[in-house]
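# Results of the structural survey
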Amino acid sequence: MKVILKIAGIVFLLGVNIPSNGICNAADSPYDWTTSDEAIALRKDGQTIWQFNAAGGSKPYFHPLCVVGSNPLTMPKPADHPWHLAHWFSWKYINGVNYWEENEKGESDGLTVVKNWQHDCRDDGSATITMTLDYQPSITVAPVLSEKRTITISAPVADGSYYLDWAQEFTAEQDITLDRTPVPGEPHGFSWGGYAGLSVRFSNDLKNVLTSFGGKAELKKRDGADVMDVYHCPAAEMNGVLDGKEYGIAIIPSPKNHGFGNWYVIQGKDFLYYSPATLLSGAYFLKKGECFNLQHRVCIHKGRWDAKRLTKEAEKLAARPKILILSGSNNHDWQATTPFIQQIYARNGQFAVDVTHRPDSIHPRMLAAYQAVVSNWNAFPEQSGLWNPAAKQALQDFIRKGGGFVCIHAASATHYDWSAYLQIAGGRWGDKTHHGAIHDFDVQIIHPEHPITKGMQPFTIKDELWVDLECDAAAEILCAARAKEYADQPDKLEPVALVTRYGKGQGFYLVLGHDIHAMSSDHWQTLLLRGTQWISKSLNTNK
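A short tour of the structure in this document, coming up. Residue positions are given per chain, counting from 1 as you read along its sequence in written order. Local features in a predicted model are, by the rule used here, given only for residues with pLDDT of at least 70; side-chain atom pairs are given and counted only at 80 or more, and totals for whole chains, interfaces and linings are based on all residues. In computing side-chain properties, one takes all heavy atoms of the structure into account and sets aside hydrogens as well as water.

### Side note on the sheet that holds strand S9 (residues 97-98)
Here the rule is simple: two strands pair whenever DSSP picks up at least two bridges between them. Note on conventions: DSSP H or I runs of at least 4 residues are helices, E runs of at least 2 residues are strands, and numbering of each starts at the N terminus. One open sheet holds the four strands; their spatial order is S9-S8-S14-S23, and the pairing between them is antiparallel. Looking at which strands have only one partner, the edges of the open sheet turn out to be S9 and strand S23 (284-286). Pairing analysis gives three bridges linking strand S14 (residues 176-179) to S23, with the strands arranged antiparallel. By the bridge assignment, Leu 178 is partnered in S23 with Tyr 284.

### Re the layout of surface pockets
In the cavity and pocket records, a cavity denotes points on a 1 Å grid over the protein atoms alone where a 1.4 Å probe fits but cannot get out, a pocket denotes an open set with protein on both sides within 12 Å along at least 5 of 7 lines, and lining residues are residues with an atom within 4 Å of a point. Grid points are joined across faces, edges and corners, and a volume is the space filled by probe spheres set on the points. By volume, the largest pocket is sized at about 490 Å³. In this structure, the largest pocket is lined by 22 residues; those nearest its centre are Tyr 284, Cys 291, Phe 292, Asn 293 and Arg 365. Within the residue set of the lining of the largest pocket, elements represented by two or more residues are S23, strand S24 (291-302) and helix H3 (364-367). Examining the composition of the lining of the largest pocket, we find that five residues originate from one element, S24, more than from any other. Taken together, the residues of the lining of the largest pocket sort by class into nine nonpolar, eight polar and five charged. Roughly 410 Å³ of volume is contained in the second largest pocket. Breaking the lining of the second largest pocket down by element, the ones donating at least two residues are strand S12 (145-153), strand S13 (162-172), strand S20 (245-253), S24, helix H1 (307-318), helix H2 (334-348) and strand S26 (352-356). Polar here means any residue other than Ala, Val, Leu, Ile, Met, Phe, Trp, Tyr, Cys and Pro, which are nonpolar, and Asp, Glu, Lys and Arg, which are charged; Gly is therefore polar. Residue classes in the lining of the second largest pocket are distributed as 14 nonpolar, seven polar and five charged.

### Details of unusual backbone geometry
Across residues other than glycine, the phi torsion is negative in most instances, and most of the peptide bonds are trans. Here the residue pair His 63 and Pro 64 is connected by a cis peptide bond, since its omega of 0° sits within 30 degrees of zero. Checked against the element boundaries, Pro 64 lands in strand S6 (residues 61-65). Here Phe 380 and Pro 381 are connected by a cis peptide whose omega angle stands at 10°. The phi dihedral of Lys 77 is positive, around 55°, even though this residue is not glycine. Looking at the secondary structure, you find Lys 77 in the loop between S6 and strand S7 (87-90). A relative accessible area of 49% places Lys 77 in the partly exposed class. Residue exposure (1.4 Å probe, protein chains only): buried if accessible area is under 20% of the type maximum, exposed if over 50%, otherwise partly exposed.

### Side note on the nonpolar core
The set of buried Ala, Val, Leu, Ile, Met, Phe, Trp, Tyr and Cys residues whose side-chain atoms join them within 4.5 Å is what this entry labels a nonpolar core. Membership of the largest hydrophobic core comes to 62 residues, with the highest contact counts inside it found for Trp 50, Phe 52, Phe 62, Trp 91, Ile 129, Leu 164 and Tyr 274. Note on contacts: a residue pair is in contact if any heavy atoms of the two residues lie within 4.5 Å. When sequence neighbours within four positions are dropped, the list of residues in contact with Trp 91 reads Tyr 99, Trp 100, Tyr 135, Leu 145, Phe 170, Leu 178, Leu 279, Phe 292 and Leu 294. In this structure, Ile 344, Val 499, Leu 527 and Leu 528 belong to the second largest nonpolar core, which totals 40 residues.

### Side note on empty space enclosed by the protein
Evaluated as defined, the whole model comprises two cavities of 30 Å³ or more. When its volume is computed, the largest cavity comes out at roughly 60 Å³. For the largest cavity, the full set of lining residues is Asn 330, His 332, Asp 333, Trp 334, Thr 337, Asn 376, Ile 408, His 409, Ala 410, Gly 513, His 514 and Met 519. When grouped by side-chain class, the residues that make up the lining of the largest cavity number four nonpolar, seven polar and one charged. One number sums up the size of the second largest cavity: a volume of about 50 Å³. As for the second largest cavity, its lining consists of Pro 253, Asn 257, His 258, Gly 259, Phe 260, Gly 261, Asn 262, Pro 276, Ala 277, Thr 278 and His 296. Broken down by class, the residue content of the lining of the second largest cavity amounts to four nonpolar, seven polar and no charged.

### Focus: the state of the cysteines
Two cysteine sulfur atoms make up a disulfide if the distance between them is within 2.5 Å. Within this structure, the stated rule accounts for zero disulfides. Looking at the unpaired Cys 479, the closest cysteine sulfur is the one in Cys 471, lying at 13 Å. Look at Cys 479 and you get buried, because its relative accessible area is 0%.

### Focus: the packing of aromatic side chains
Pairing of aromatic side chains here covers Phe, Tyr and the six-membered ring of Trp, requires ring centres within 6.5 Å, and sorts the geometry by plane angle: under 30 degrees stacked, over 60 edge-to-face, intermediate tilted. Scanning all chains against the criterion turns up 26 aromatic pairs. Both rings, one in Trp 50 and one in Phe 62, keep their centres 5.9 Å apart while their planes meet at 65°; by these two values the pair is edge-to-face. Of this pair, Trp 50 sits in strand S5 (residues 47-53) while Phe 62 sits in strand S6, and the two are 12 residues apart along the sequence. Accessibility expressed as a relative area gives 0% for Phe 62, which makes it buried. Through pairs of rings, three or more aromatic residues link up here, namely Trp 33, Trp 50, Phe 52, Phe 62, Trp 117 and Trp 166. Over a ring means this: the NZ of a Lys or the CZ of an Arg is within 6 Å of the ring centre and within 35 degrees of the ring normal. The ring centre of Phe 271 lies 4.1 Å from the NZ or CZ of Arg 201, which sits over that ring. Above the face of the Tyr 163 ring, Arg 297 is positioned so that its terminal group lies 3.7 Å from the ring centre.

Here it is in C-alpha cells:
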C-alpha cells in the first residue's frame, strides 16, 4: 500500500491498493490494462483508448479520450488555460474560495483532495472507478464539502465508441455556497461568467467543428464572446473531423441534476470547450449535512450526432427507472459490495443509479426523484434510534404511495424499533437467526410463476445461508434452501428471496449476497435485477 502526499500538486492519494504498473487482462482479450498508483488506462494494439489520471495533478481527469483507432479528441493543460484538464470536474467557488483556476505552480486557492481511489477493470474493456474527494479551503483547514464519485466506463462497441457514466454524491461538511463568476446582467458580471462542473476541452486537431443540441434548444449568444447559454436542452455535443474521419463527444445530464438544461459553450479558433453549466442560473446553497447528486453520461463516439440523435439518447436515459442505493454503514464489507452492486446495475443499463452514504438524511423531496430504493445499509449491532423520525417517515411514505424497496442480505438487520420496516423488507435477522460457514448449497424456486422467478431453474450458490430468518407473516417466499441442520425435516426450508407489498408499493428481500464472491453468481445478479425491475414496475413479464 502506497501513500502519496503532494503539496505542490495539491493532490493527496491515501490508502490506494492497486498494483503498480500492473496488467489485469485475460490472454484472449483484445484489450490490455495498465495501472499504477496514479492512473489506469485501457489499451488495444498499442493505442491508449482512454486514461484516467487520479493523481499527480491538481484534480483527477481523463486524457486521452479516443474512439478505438482514433487520435485523442481531448487536450490537457493548453497554454491559454492550463487548468483545463481535458475531461474533468471542478467547482469554481465554494464559500468564496476559488477551486478552478490555478497559479503558475499549478495550484488553486482551494484544494481538491483525492483521499482514496479504486478501480475494477474487466476483460471486455469495461471498468468502474470509485473515489472519495474532499474540498478544502487550504491544507490546514478542514473540508467544507466531500464527494463520493463513481465512474462506470462501458466496453467499446464494434465501431470503437463507448460511454462514461459519472455519478457524484456531495455532502456539505458545513454550510456552503457553490458559486461561479457572475454572468452579464449581474453585478460585476462578465461575458465569460457561469462555468463550473463537468467539462471537456477538445484537441485543436479537431476540424470542421459543430456543436449540436438536443430538443428545442434556446440559444443566446453573449456580446463580445463565443459563449452560448442553452436553456432547457436535454443533451449536447461537440463534434468534428480528425484525420479525415468524424468523431464527437456528447454529454447527457440527468434531468434531476441541479441546473439541468443550461450549457456553457466556447467554439472559437483554437478554443473548443463545453460543459453542462450546473450553476449558470445562480448559486446553490447547502446546509451542513445536506447531500445532493449529479449524474452525467459522456459518450465518446464515431460520427456526428445531430439534434434528433441527441434527443433520442436523452429520452432513452430519462426513461430508465431511477434508483437510490443506501450505503455508508454495514457490518459486512459495504465498501466493496456497494460499488459492486453499482457495477451490476450499470452493466445491465436499465437503471439510473445514485448512492447516498447518509440515508439518515433522506427526505420526501429527495425521494421524489426515484422509483425505488435499494438498501445495502445497517448499523448492526446498534438496533434502534438510528434515523430521525422524519427520515423514517419519508421512506415509509415513499413506499406506501407506490415506491419500491430492495433489501440486500444484512440490510434487514436494523431498525428493530420500527415495525413498518419488517413489513416493507419482509424479513430480518431475528433472535433465533444464525448461520454457519460459507458453503455451496442448492436453491429451490418456490414460486416459479412469479415475474421475478419465471423461467428460472434451481441453482447452486456458494454463500452464507441464514437459518431461522424472522419473516413477516404477509411475505411471499420466492426461493428457499435447505439447511444441513434440518436435513431430517424435508418441509423446513430457509427463505433466500421473498417479496412484500406495503400500501401501493412493493418490496423485494434478497437474503443471499454476503460478499462480492456470492454477488458474482449469475443467479444472484438475475434475482437482483429482476427484483429491482419488479419493485420499480419496469419488469416485462413477457420476456
